[in-house]
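Working through the structure, step by step
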Amino acid sequence: EPEVTQTPSHQVTQMGQEVILRCVPISNHLYFYWYRQILGQKVEFLVSFYNNEISEKSEIFDDQFSVERPDGSNFTLKIRSTKLEDSAMYFCASSEVGTATQYFGPGTRLLVL
Amino acid sequence: RKEVEQDPGPFNVPEGATVAFNCTYSNSASQSFFWYRQDCRKEPKLLMSVYSSGNEDGRFTAQLNRASQYISLLIRDSKLSDSATYLCVVNRDTGFQKLVFGTGTRLLVSP
């Protein structure tokens, strides 16, 4: 069964450093998303991406965040200058055309020290 | 008011029990509804979509009441492996719209 994959599974970084989280969506999906979940809290939407541009973003997704589809398979989330409060689980998701059902990757656990 | 509200639980039930979870949503424009399951420190996994007519998948039954903006999930004959957090999720429209998650209801099934 096709699935979303994410790398790395864990990342530890120092405050102020840049991190790039990587995702490979399901191959025939055209809509891509990033969500985050701070420990003990609910899953929160960050951004959606379609046709090589952001289609919607939340207030969390400020200028420190960016997304990119650098090639035909990868979808990345970059955090330019990490803050302590960026520590969370980051999930990538993807969906097919014409459906609201989203499939999630296993997540990257980011710890900012 | 939260966009999606759920009782956080935990619900502690013995194996074989029937358990029901409820969820309310505030945005009447919501079009798509789901139950996801999340195991500890894992990703949300789609359990089932929820349709207006109600739908069943094995031991799981989901109901939607648009007038009351209320969604439910019924689990019959609970198994130990059903222990997880159940997430109520809504979406404004089909296509590339964000999913809005509830905080989840934790279920613990004991022998």
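Residues numbered from 1 in each chain as written. Chains lettered and ligands numbered in written order. Predicted model: local features only at pLDDT ≥ 70, side-chain atom pairs only at ≥ 80, totals over all residues. Heavy atoms only, no water.

1. A closer look at the state of the cysteines
This model, assessed by the stated rule, comprises two disulfides over all chains. Disulfide pairing places Cys23(A) opposite Cys92(A) at an S-S distance of 1.9 Å. Disulfide Cys23(A)-Cys92(A): torsion about the S-S bond near -65°, hence left-handed. Residue Cys23(A) is found in strand S3 (residues 19-24), and its partner Cys92(A) is found in strand S9 (residues 88-95); the two are separated by 69 residues along the sequence. Overall, Cys23(A) belongs to the buried group, its relative accessible area being 0%. At a sulfur-sulfur separation of 2.0 Å, the disulfide partner of Cys23(B) is Cys88(B). Its S-S torsion of about -75° marks the bond between Cys23(B) and Cys88(B) as left-handed, since a negative value means left-handed. Taken as a pair, Cys23(B) in strand S3 (residues 19-25) and Cys88(B) in strand S9 (residues 84-91) lie far apart in primary sequence, 65 residues in all. For Cys23(B), a relative accessible area of 1% gives the class buried. (Disulfide = S-S within 2.5 Å. Helix = DSSP H or I, 4+ residues; strand = E, 2+ residues; numbered from the N terminus. Buried < 20%, exposed > 50% of the residue type's maximum accessible area, 1.4 Å probe, protein only.)

2. What to know about the interface of chain B and chain A
Taken residue by residue, the interface counts 22 residues in chain B and 24 residues in chain A. Summing both sides of the interface, chain B and chain A together bury roughly 1900 Å²; the carbon and sulfur share of this comes to 59%. On inspection of chain B and its partner chain A, the count reaches zero salt bridges. Applying the counting criterion to the chain B and chain A interface returns three residue pairs in polar contact (both at pLDDT 80 or more). Among the secondary structure elements, those contributing two or more residues to the side of chain B that touches chain A are strand S4 (32-38), strand S5 (44-50) and strand S10 (99-101) of chain B. No other element matches S4(B), which puts four residues into the side of chain B that touches chain A. Tallied by class, the residues present in the side of chain B that touches chain A amount to seven nonpolar, nine polar and six charged. (Contact = heavy atoms within 4.5 Å. Buried area = accessible area lost by both parts, 1.4 Å probe. Salt bridge = Lys/Arg side-chain N within 4 Å of Asp/Glu carboxyl O. Polar contact = N/O pair within 3.5 Å; in protein donor to acceptor, adjacent residues only side chain to side chain. Nonpolar A, V, L, I, M, F, W, Y, C, P; charged D, E, K, R; others polar.)

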